[in-house]
Amino acid sequence: MEKILVTTDQSVNSKAAIRFAIKLASQRKAQLTILHVYHLLKPFKWTDHAFAAYTTEFRKKRQTRLSSFIAGIYHDIDEREINYELVLVSNIDVVDGITDYASRNSCSYICISTRGAGTIAKIFGTHTAKLISCSTVPVICIPSAYHLKELKHILYASDMTDYENELKEVVDFARPIGASVEMVHIAYPNEFAFDKELAEATLQKKIVIKLAF
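Every value quoted in this text rests on a predicted model; they were computed, and no experiment measured them.

(A) Here's a closer look at the overall build of the chain. The secondary structure content of the chain amounts to six helices and eight strands. From first element to last, N terminus to C terminus, the chain shows the α and β order β-α-β-α-β-α-β-α-β-β-α-β-α-β. A total of 213 residues make up the chain; the buried ones form 41% of that total. Counting only contacts in the chain whose residues sit at least 6 apart along the sequence, the fraction spanning at least 24 positions is 74%. Approximately 12,700 Å² of the chain is accessible, and the part contributed by carbon and sulfur atoms is 55%.

(B) Spatial organisation of the side chain of threonine 33. Along the polypeptide, threonine 33 turns up in strand β2 (residues 31–38). Assessed through its relative accessible area of 3%, threonine 33 is described here as buried.

(C) Layout of unusual backbone geometry. Of note in this structure, glutamine 10 is not a glycine but carries a positive phi near 65°. Accessibility expressed as a relative area gives 15% for glutamine 10, which makes it buried. Residues other than glycine seldom take positive phi values, yet serine 106 does so here, at roughly 50°. With respect to the helices and strands, the residue serine 106 is situated in the loop between α3 (94–104) and β4 (109–113). Note on serine 106: relative accessible area 55%, which makes it exposed.

(D) A look at the packing of aromatic side chains. Evaluated as defined, the whole model comprises five aromatic pairs. A ring pair is formed by tyrosine 38 and phenylalanine 58, whose centres lie 5.2 Å apart and whose planes are at 50°; its orientation type is tilted. With tyrosine 38 in strand β2 and phenylalanine 58 in helix α2 (residues 48–76), this pair connects stretches of sequence that are 20 residues apart. Owing to a relative accessible area of 7%, tyrosine 38 belongs among the buried residues under this scheme. Taking relative accessible area as the criterion, phenylalanine 58 reaches 16% and is therefore assigned buried.

(E) Highlighting the confidence of the model for the chain. Predicted confidence across the chain gives a mean pLDDT of 83, with 83% of residues reaching 70 or more. In the model, residues 116–124 has pLDDT below 50 throughout and makes 18 contacts with residues more than four positions away in sequence or in other chains.

(F) Representation of α3 in the model. Listed as buried for α3 are Val95, Gly97, Ile98, Thr99, Tyr101 and Ala102. Where α3 is buried, its residues meet β1 (3–7), β2, β3 (84–90), β4 and α4 (127–134). One side-chain oxygen at the N-terminal end of α3 lies 3.0 Å from the backbone nitrogen of valine 95; it belongs to aspartate 93. Just past α3, the residue serine 106 takes up positive phi, approximately 50°.

(G) Structural view of the nonpolar core. If you look at the biggest cluster of nonpolar residues, it comprises 45 residues, and the most contacted ones within it are Ile4 and Leu32. For this core, the element with the most residues is helix α1 (residues 15–28), which contributes eight residues. Those residues in contact with leucine 32 that lie beyond four places of it in its chain are Ile4, Val6, Ala21, Ile22, Ala25, Ile82, Asn83, Tyr84 and Glu85. Core analysis: the next-biggest nonpolar cluster, separate from the first, contains 14 residues, Ala102, Cys107, Leu131 and Val137 among them.

(H) Focus on the packing of α1 against α2. Relative orientation of the contacting elements α1 and α2 amounts to 65°, with a least axis distance of 11 Å. Here α1 is positioned roughly perpendicular relative to α2, judged by the angle of their axes. Here the hand of the crossing between α1 and α2 comes out right-handed. Each of Lys15, Ile18, Arg19 and Ile22 in α1 lies in contact with α2, whose residues at this interface are Phe69, Ile70, Ile73 and Tyr74. Here the residues of the contact of α1 with α2 sort into six nonpolar, no polar and two charged.

Parameters at a glance
- Residues numbered from 1 in each chain as written.
- Predicted model: local features only at pLDDT ≥ 70, side-chain atom pairs only at ≥ 80, totals over all residues.
- Heavy atoms only, no water.
- Helix = DSSP H or I, 4+ residues; strand = E, 2+ residues; numbered from the N terminus.
- Buried < 20%, exposed > 50% of the residue type's maximum accessible area, 1.4 Å probe, protein only.
- Contact = heavy atoms within 4.5 Å.
- Areas by Shrake-Rupley, 256 points an atom, 1.4 Å probe, with all protein chains shown as cover.
- Phe/Tyr/Trp six-rings, centres within 6.5 Å; stacked < 30°, edge-to-face > 60°.
- pLDDT = per-residue confidence, 0-100.
- Polar contact = N/O pair within 3.5 Å; in protein donor to acceptor, adjacent residues only side chain to side chain.
- Core = buried A, V, L, I, M, F, W, Y, C linked by side-chain atoms within 4.5 Å.
- Axes fitted to C-alpha atoms, helices over the stretch in contact; angles between N-to-C directions.
- Parallel < 35°, antiparallel > 145°, perpendicular 65-115°, else oblique.
- Left-handed = near helix turned anticlockwise from the far one by under 90°.
- Nonpolar A, V, L, I, M, F, W, Y, C, P; charged D, E, K, R; others polar.

Below is the structure:
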């Protein structure tokens, strides 16, 4: 079964990615994992036993808060509840924690909000940008203003250097949910112009899905 991973820091902004992941997992009949990465510093004077006890209590409370957080999201949306797994991972680096978990658990996609840093206005750039640049798993970035709706149409932008292989990945994402795909390329004035009709005819033979160019 396909696995979809969504990350959250329990901020209001991160709710958008969870709403999207719920809808995507439902449409694709995929397994959904909701991941929270945390890091605890051990006070110098604490014994290992004391820190282990504190960590256990911290994880228990955080798990309860996460469950309540997700329940609140479901309360606000008109969507059938699907089975999901809540996972807490300890890692000093949030992105490393996400990529490591996604790789070890063969996740198909990672969903993350473009503004998920609580009260600090970290726009598309910090964790999200780093995740995109280093993840071997496709990353889907969800605007914080996203509201739940069915995915029906996908716009794919390409620089045309490797569009056939790229488009196969896009189609693999679109086909199970019955979405159409529109491909767009913005060319510079002196850029070599590819044959639009030839490219369209070639791709339509290779890919069985509704395409627009």
